[in-house]
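Residue-level structural notes
Here is what each chain is made of, one letter per residue.
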Amino acid sequence: MIAEQADVLLMGGDYQEGCEYVPELFAALSQVKTPMGTYGVMGNNDYERCHDDIVREMQRYGMRILEHRVDTLKRDGQQILIAGVRNPFDLKQNGKSPTLDLSPEDFVILLVHTPDYVEDVSVANTDLALAGHTHGGQVRIFGYAPIIPSHYGSRFLTGLKYNTANIPMIVTNGLGTSNRNIRIGAPTEVVVITLHQQKE
């Protein structure tokens, strides 16, 4: 990240497989310095345990938590809005995307843990969604993943995908694992995104 000279670090949740590692993890993440800061949402594991520990550590290092909140990145008179989703698995409480209150004129990045949310509810006014949760299948043999934590099977497994409304979404394999510390055919990754302004 430092070598890539990224402007901002966006994190998609599931920060732990054990609460004892939370301080160590965020101490390490705090070494990634970006001029526009670090933003994150929570994953399903983070709502099940360690939530308050994670919030405390993120706040300690000045990382911004976007739980149904929107923040603004500004540079040279231009701006990008970063919207984050709180617990996207609880659609009864959080089924209204924070992007619905934004303007279609704004450039909006939606940060959400699971890609299913981008299909399950309207995320209108989103220009790009970023998600994880699938771990790229974590174990893929000849491209086939026997376990994919998504209602949609392999549709949103990894990489650049589009929802029914044709909104682009990048689904990352992420860095960690779930249940078993093993990866086959689904390597860990940090995705670097470069945005280009469209010429009129």
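Residues numbered from 1 in each chain as written. Predicted model: local features only at pLDDT ≥ 70, side-chain atom pairs only at ≥ 80, totals over all residues. Heavy atoms only, no water.

Attention shifts here to the packing of helix α1 (residues 22–29) against helix α3 (residues 51–60). Two elements in contact, α1 and α3, have axes whose closest approach is 10 Å; the angle formed by their N-to-C orientations is 30°. When the axes of α1 and α3 are compared, the pair comes out roughly parallel. Two packed elements cross with a definite hand, and for α1 against α3 that hand is right-handed. Residue-level inspection shows V22, P23 and F26 of α1 in contact with α3, the latter providing D53, I54, E57 and M58. In the contact of α1 with α3, the residues fall into 5 nonpolar, no polar and 2 charged. (Axes fitted to C-alpha atoms, helices over the stretch in contact; angles between N-to-C directions. Helix = DSSP H or I, 4+ residues; strand = E, 2+ residues; numbered from the N terminus. Parallel < 35°, antiparallel > 145°, perpendicular 65-115°, else oblique. Left-handed = near helix turned anticlockwise from the far one by under 90°. Contact = heavy atoms within 4.5 Å. Nonpolar A, V, L, I, M, F, W, Y, C, P; charged D, E, K, R; others polar.)

A contiguous nonpolar surface patch, about 290 Å² in accessible area, is contributed by F107, V191, I193 and L195. Relative to the assigned elements, F107 resides in the loop between α4 (91–94) and β6 (108–111). (Patch = residues over 30% accessible without salt bridge, like charges linked within 9 Å, V, L, I, M, F, W, Y side chains within 5 Å. Areas by Shrake-Rupley, 256 points an atom, 1.4 Å probe, with all protein chains shown as cover. Salt bridge = Lys/Arg side-chain N within 4 Å of Asp/Glu carboxyl O.)

Moving on: the side chain of T38. Looking at the secondary structure, you find T38 in strand β2 (residues 38–40). Once residues within four sequence positions are removed from consideration, T38 is found in contact with L9, M11, V32, M63 and R64.

Listed in full, the buried residues belonging to α1 are V22, F26 and L29. Down the axis of α1, the sector holding all buried residues measures 55°, keeping them to one side. At its buried positions, α1 is contacted by β1 (9–11) and α3. (Buried < 20%, exposed > 50% of the residue type's maximum accessible area, 1.4 Å probe, protein only. Arc of directions from axis to C-beta.)

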